[in-house]
Amino acid sequence: RRSSDLTFVRADNSSTAGMADTGQTWNYDNDGSGSTCGIESNQLRKFNVGGGFLNIDVGAGADHGTYRMVMNVATGANNLGMMFRYSDRNNFWMLYTEGTLLRLYKRAGESFIAVGSDVAFTPANGDEWKVVLLGSSIKTYMNGILKHDEASGGFLDGLTSYGVYWATGQTLVRWNYAEFSV
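In this text the structure is predicted, and so the values were computed from the model without any measurement.

A. Just the side chain of N55, in detail. Mapped onto the fold, N55 is located in strand β5 (residues 52-57). Taking relative accessible area as the criterion, N55 reaches 8% and is therefore assigned buried. Residues within four places of N55 in sequence aside, it is in contact with T25, W26, N27, M83, Y86, S161, Y162 and G163.

This is the structure:
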């Protein structure tokens with residue numbers, strides 16, 4: 001069993017999330033919006049209103065495992081999520097909040113495709129987001145409760161990059177912690 005503890009405990013920096021405890025670099029793609037992502041008070045934060053994708057490749061063998069993040073949110077935080085099996089800004093899986101719904105999406109090219117049923121959900125401080133991957137099986141959990149149990153259909157199976165996504169306008173969330181275990 002291998003575990004990557006990806007805490008954000010490091011000096012404040014409004015222009016980069018830096019490197020994980022395990023040595024990998026967090027990569028930020030602001031999708032042309034000009035937004036920045038970095039560290040504030042030992043939490044991951046987006047500093048302005050543009051959208052963006054932050055990802056890290058956790059390495060060989062990480063295509064099967066458990067990816068977990070804990071966040072703090074302000075009232076009204078929305079349009080955010082955790083990405084997994086990330087290839088690039090146009091090809092990835094995402095567990096995402098939209099309005100009062102928790103959704104599992106795959107992004108294939110320019111299209112967001114809902115997978116499974118939407119689940120009623122409103123983000124709150126301390127929520128634990130978790131995705132368990134095994135072969136083509138994708139299970140999502142919110143605060144330990146199973147929300148989705150779906151199959152990937154082979155889409156991006158084997159990829160090992162994971163991360164977070166913020167929609168344009170979203171600056172209310174702070175991610176405290178990320179962990180990936182195989």
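B. Seen up close, the side chain of T140. Within the fold, T140 resides in strand β13 (residues 137-142). Separated by 2.6 Å, the side chains of T140 and H148 make a polar contact.

C. Summary view of the nonpolar core. By size, the foremost hydrophobic cluster in this structure holds 35 residues, and its most contacted members are L44, F84, W129 and W175. Residues F53, M83, M94 and Y165 belong to the second largest nonpolar core, which totals 9 residues.

D. Main features of the pattern of salt bridges. Evaluated as defined, the whole model comprises 7 salt bridges. Of the charged contacts, one joins D157 and R85 as a salt bridge, the two residues approaching to 2.8 Å between their closest N and O atoms. Of the two residues, D157 sits in the loop between β14 (145-151) and β15 (161-166) while R85 sits in strand β7 (residues 80-88), which places them 72 residues apart along the sequence. Between E110 and R107 there is a salt bridge, with its nearest N and O atoms 3.8 Å apart. Its relative accessible area of 63% is what places E110 among the exposed residues. Through salt bridges with shared partners, a single network forms among E98, R103 and D118.

E. Just unusual backbone geometry, in detail. We note that S41 has phi near 50°; this positive angle belongs to a residue other than glycine. Inspection of the secondary structure assignment puts S41 in the loop between β3 (37-40) and β4 (43-46). A positive phi angle, near 50°, is found at R85, a position not held by glycine. Judged by its relative accessible area of 0%, R85 falls in the buried class.

Cut-offs and rules
Residues take numbers from 1 onward in each chain, read along the sequence in its written order. Confidence filtering applies because this is a predicted model: local features only for residues at pLDDT of at least 70, side-chain atom pairs given and counted only at 80 or more, and all residues used for totals across whole chains, interfaces and linings. The side-chain numbers reported here are obtained from all heavy atoms of the structure, hydrogens and water having been left aside. Strands here mean DSSP runs of E at least two residues long; helices mean DSSP runs of H or I at least four residues long; both are numbered from the N terminus. Residue burial is assigned from relative accessible area. The probe radius is 1.4 Å, only protein chains are included, and a residue is buried under 20% of its type maximum, exposed over 50%, and partly exposed in between. Residue contacts are defined here by distance: any two heavy atoms, one from each residue, within 4.5 Å place the two residues in contact. Contacts described as polar in this section are N or O atom pairs within 3.5 Å, which, within protein, must combine one atom able to donate a hydrogen with one able to accept it, while residues neighboring in sequence count only if both atoms come from side chains. Here, nonpolar core means buried Ala, Val, Leu, Ile, Met, Phe, Trp, Tyr and Cys residues that are tied together by side-chain atoms lying within 4.5 Å of each other. Any carboxyl oxygen of Asp or Glu that lies within 4 Å of a side-chain nitrogen of Lys or Arg is treated as forming a salt bridge with it.

Nothing here speaks to function; it is all geometry.
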